[in-house]
Amino acid sequence: MIQVEIDQGSGFCFGVTTAIRKAEEELSKGNTLYCLGDIVHNGMECERLRQLGLVTINHEELKSLCDTKVLLRAHGEPPVTYETARRNHIEIIDATCPVVLQLQKRIKSQYQAHPEAQIVIFGKPGHAEVLGLVGQTEGHAIVIAHLEDVMQLDFSRDIYLYSQTTKSLEEFQRIVEYIQQHISPEAHFQRFDTICRQVANRISNITSFAAKHDLVLFVCGRKSSNGKVLYNECKNVNPNSYLIEDADEIQLAWLKGVKTVGICGATSTPKWLMEECRDFLIQQS
């Protein structure tokens, strides 16, 4: 009999929970509700909400809407999105995560105070949250995805470093150290640790969880940046870890000789999806 445990620390973060709650509340009224981009980087959860009536649109489609309601997901949006909504008489249901919203305000304030400086964002290029952050600087912020990207900076000029809220704290610190070693004595460098601790703290918790099981199933959508970070941490401590989107991807060959299975996920992974994986394993044992 295989023992299966679901990591109690996995599942939706506060921001995602709030966005989904707001969507469900509006949909329960029978109103048409659009969402700008996938409400969460999990295809199964997006499909569940689609069946409730949520219509996902992109930014081009937003421009053609008017006199309706649009939900902004937890990732946040740049100022131009709000301007489009105002111009088209669209009612915004703003589910931007409070942590992201505060970060947007800090970056905007920094840019307005020092427009000549380099505003640098450690994040995934093209990610919804990062696009919202860059938008606070009228597109002038520099996005770096990895430590090696730091070399594109001008170390003779002031640098203000921020981070996408779901990035690795360890890699952020390596970037800080590199800049400190190379910045000109005449230039000013200031870094702001804007990584969400609800996400960052999951790394130590999830590695401890992964280490105590024979097999780890990490359940998350493959678009999830946070999911990739957490899954890699699991894989580092337990090579017998697999990333799956749902129970259909579980291969029975993985279970050979396995006594304990740990199921965990990203901040975008719904609990019900992890429970479906657990139920599948129980049926097989």
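Residues numbered from 1 in each chain as written. Predicted model: local features only at pLDDT ≥ 70, side-chain atom pairs only at ≥ 80, totals over all residues. Heavy atoms only, no water.

Engineer: Whenever I open this one, unusual backbone geometry confuses me. Can you help?
Structural biologist: Outside of glycine, negative phi angles account for most residues, and trans bonds account for most peptide bonds. With a phi close to 55°, Asp67 is a non-glycine residue in the positive phi region. Secondary-structure assignment places Asp67 in the loop between helix H3 (59–63) and strand S4 (69–72). Unusually for a residue other than glycine, His89 sits at a positive phi of about 55°. Note on placement: His89 falls in the loop between helix H4 (79–87) and strand S5 (91–94). In this structure His89 comes out as exposed when scored by relative accessible area, which is 58%. (Helix = DSSP H or I, 4+ residues; strand = E, 2+ residues; numbered from the N terminus. Buried < 20%, exposed > 50% of the residue type's maximum accessible area, 1.4 Å probe, protein only.)

Engineer: Would you take a moment to explain the packing of helix H8 (residues 197–211) against helix H9 (residues 225–237) for this structure?
Structural biologist: Two numbers describe a pair of packed helices, the interaxial angle and the distance between the axes. Across the interface, H8 lies against H9 with an axial gap of 9 Å and an inter-helix angle of 35°. The element H8 and its partner H9 pack so that their crossing is right-handed. Residues Val199, Arg202, Ile203, Ile206, Thr207, Ala210 and Ala211 of H8 form the contact with H9, whose participating residues are Asn226, Val229, Leu230, Glu233, Cys234 and Val237. Along the lines of polarity and charge, the residues of the contact of H8 with H9 split into nine nonpolar, two polar and two charged. (Axes fitted to C-alpha atoms, helices over the stretch in contact; angles between N-to-C directions. Left-handed = near helix turned anticlockwise from the far one by under 90°. Contact = heavy atoms within 4.5 Å. Nonpolar A, V, L, I, M, F, W, Y, C, P; charged D, E, K, R; others polar.)

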